[in-house]
Each structure stands twice: as structure tokens, then as C-alpha cells.
Amino acid sequence: YGQLLSPLNQISSLYRRVMSNAVDTEQLIELLNETREIQDKTDPVELEIDPLEGAEIEFDDLRFSYDGKVDVLKGVSLRVPRGKSVALVGPSGGGKSTITRLLYRFYDVSGGAIRINGHDVRDLSQRSLRAAIGLVPQDSVLFNSSVRFNIAYGGLSRLNAEGKAEEGKDLAMDEIVEAAKSAAMHDRVMSFPDQYETLVGERGMRLSGGEKQRIAIARTILKNPPILVLDEATSALDTHNERLIQTRLRELSQGRTSLIIAHRLSTIVDADLICVLKDGQIVEQGSHNELLQIEGGVYAELWQKQIEGQDSTLPSAAPSGTQT
Ligand code: ATP
């Protein structure tokens, strides 16, 4: 049990420390280095992604268990071609988020491999791996710092124009504002008492789930990653903002290799490929229309339930104005 909780404990101890100080960039990078549980190998490969070529991700017979007993992923094979978007859907607990955690290498696989442009992620430096991936998680955490810092953080680890990981540098204010505008957050920030200098987080202004998510999206826009991972990224938004952000995310994912986890199926109907994950296995894959054709299929059933709004585990294809 202890082993199972340890990465989470480390993350929460990191956040406690971050929350208790106004952390500057260098301290933050140091803290992140310190709390790494997964170690780089001795001569790790620096992942470089040619912006013109992009990234291909291959999940090859992926197996994983958090506790060494229960298999959460039981041999998942999936290729996300360069610049394409693949959606992961399926019942709760099927292993969708776990796949994204393994891609980001919060954990190492128990069997099989994940490769980016042919490189096993275990061979890559974590710095270069994480610089290549933009992650918009379900629950975004804010640093106890200004709105400006919370957005600029996205620029601390990213690939430069040549596709190499670069160290964090100070970002120009207009870059930050541009990103906030794209994430439909700028006007809201301008209404805050100190605008971009307003302190947020536990000790500052409390933001709503949707506002936090828009900040996470602004971060990702700044990061400009070749690989995009959206974990039900717009779940905390009201219908109006969700539509706005969905449009922006769709634009953002153009030409990037994207892995999108969605409960609300209406948001991924036009993904290049939809994979249905159930109990750690891919049970169906295809386009939205192909999956609807499968008689008694898992996807078809989820879709039906969602249309009828019967399944309380799914944020329903909500009537307008409904807030989740
Ligand atoms: P949801 O749609 O509810 O987000 P999911 O398909 O993303 O679910 P995962 O979060 O990947 O599913 O979880 C897959 C399984 O792994 C579940 O049975 C879950 O209880 C278990 N699990 C997830 N995280 C951990 C963890 N940190 N430690 C132990 N078990 C975990």
C-alpha cells in the first residue's frame, strides 16, 4: 500500500512546499528534479522532434499494474500516427488515464513498451520527454503565485524552434496575454483586482474548476508541444466556455499528435480514431460511424446512454446552460 501511494505523496509534498512559498522558476525546477521517483538511465537519449515531422507514438502490448497484483492494462497496442488524434473512451476504471501517465512516465510500464518516434520512453531523458508533451489534466493544480506565473509555467519546459528541449526562460508579457486570450481567460483575468499579478491558489484568489482549466489550457498553448494529451480537458467548463475551448483545442490539435480522453463522446466524434478501452483492453476501435455500426457494441451503448442522458457516470450531452 505504501509503495502504491508513494508517488502521490511525493507530489503532494511538492505542492505543499510550492504552496508555502512564492516559488521561483529555479526552485521549482530543483523541486521537480528532487522528487523524481523514476530515474533517467545513465546516458539518456535527448528526444528531439523536428517540428516539420512531428511525433508518432506507439503503445506496444502495454501492460501495467499499480500494485503488482491487479493488472490495470492487459496488453494494449495502439499507434498514434504523426499529427493524428486518437480518442480513448470507455467505462470508468478502464485504464484511460493510466495510459497517459505511462506516456508521461510518471510510472514505468510493467510489460511492453511505449515508443515516440521509435525511442522507448525509458531511454529518453525525462526533461526532453516532458518538454515534448503538453498535458491538460482532469484536475489542474495552481501554484500559490500570480496568474502570470501560473500561465508562464507552460513555457518553462518546451521544445524550441529546432525541436530540442530548452531551459525555462522568462516569457514576454504579450506572449502570456496572447495565450490567455486563446484560452478564453484574458477577460476574466482583467476583471481580477490585480489582473495578471493577482495571487491565486490556496492562499490567493480561489478560482473555479473551469477557470483553472482555462489556465491549464493557456499553459499548454504557450508550451506549443508536438504531442498533446487532453484528459477530459473541458469537463469543468460551462457549455458556453466548453464550446469556445473545444474550438480552440481542435485548432491546437491540428497537426499535433493528440491523445484525447473523453467521457462526453460528443467532443471526440471527429477524432481520427476512437479506441474503446474496457478493463485494460481495447475492445473496439474505429471512427465514430464505424463504432456505431457494431451491434451491441460498447461504444454504441455508451453513445445511446449519453443521448438519453441516463448514465449518471457520464456528464450527459447536456442541455445548454448546464454546468458540470
Ligand atoms: P475514469 O474514466 O474514471 O477516469 P480511467 O479509464 O481513466 O477511468 P484509470 O484512472 O486509468 O481509469 O484507472 C484504471 C484502474 O487503475 C482503476 O481500477 C483504478 O482504480 C486503478 N488506479 C488508478 N490510479 C491508481 C493508483 N494511483 N493506484 C492504484 N490503482 C489505481
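Our subject is the structure listed above.
**Details of the site of the ligand**
Okay, so step 1: If you check the shell around the ligand, you find 10 residues, and the closest are Y66, S92, K96, S97 and T98.
Okay, so step 2: Among the elements that make up the shell around the ligand, the one with the highest residue count is helix α3 (residues 96-103) (3 residues).
Okay, so step 3: When the residues that make up the shell around the ligand are grouped by side-chain class, the tally is 3 nonpolar, 6 polar and 1 charged.

**Side note on α3**
Okay, so step 1: Listed in full, the buried residues belonging to α3 are K96, T98, I99, L102 and L103. Projected onto a plane normal to the axis of α3, the buried residues spread over an arc of 165° and lie on a single side.
Okay, so step 2: Remark: R105 follows α3 within two positions and exhibits a positive phi of approximately 60°.

**Here's the deal with the sheet that holds strand β6 (residues 133-136)**
Okay, so step 1: Overall, mixed pairing links the 6 strands, which are arranged β6-β9-β10-β3-β11-β12 in an open sheet. With partners counted over all chains shown, the strands left at the sheet margins are β6 and β12 (281-286), one partner each. Each strand of the sheet is rotated relative to its neighbour by a mean of 15°, with strand direction disregarded.

**Overview of helix α8 (residues 209-223)**
Residues spaced three or four apart along an α-helix point in a common direction, a consequence of the helix completing one turn every 3.6 residues.
Okay, so step 1: Between its first and last C-alpha atoms α8 spans 21 Å; for 15 residues at 1.5 Å apiece the expected length is 21 Å, and the two agree.
Okay, so step 2: Here α8 lies mainly inside the structure; 14 of its 15 residues are buried.
Okay, so step 3: Among the residues trailing α8, N224 stands out with phi positive, at a value near 55°.

**Details of the sheet that holds strand β5 (residues 119-120)**
Okay, so step 1: An order of β2-β1-β4-β5 is seen for the 4 strands of this open sheet, with the pairing classed as antiparallel. In this open sheet, the two edge strands, each paired with only one partner strand, are β2 (73-80) and β5.
Okay, so step 2: Here strand β1 (residues 57-64) pairs with strand β4 (residues 111-116) via 5 bridges, running antiparallel. Note on β4: the bridge partner recorded for I57 is I116.
Okay, so step 3: Each of β1, β2 and β4 touches α3; the most contacted strand, β1, lies at about 115° to it.

About the criteria used
Residues numbered from 1 in each chain as written. Predicted model: local features only at pLDDT ≥ 70, side-chain atom pairs only at ≥ 80, totals over all residues. Near = placed C-beta within 6 Å. Helix = DSSP H or I, 4+ residues; strand = E, 2+ residues; numbered from the N terminus. Nonpolar A, V, L, I, M, F, W, Y, C, P; charged D, E, K, R; others polar. Buried ≥ 20, exposed ≤ 12 C-beta atoms within 10 Å, placed from the backbone. Arc of directions from axis to C-beta. Pairing = 2+ DSSP bridges. Axes fitted to C-alpha atoms, helices over the stretch in contact; angles between N-to-C directions. Expected span 1.5 Å × (residues − 1). Contact = placed C-beta atoms within 7 Å.

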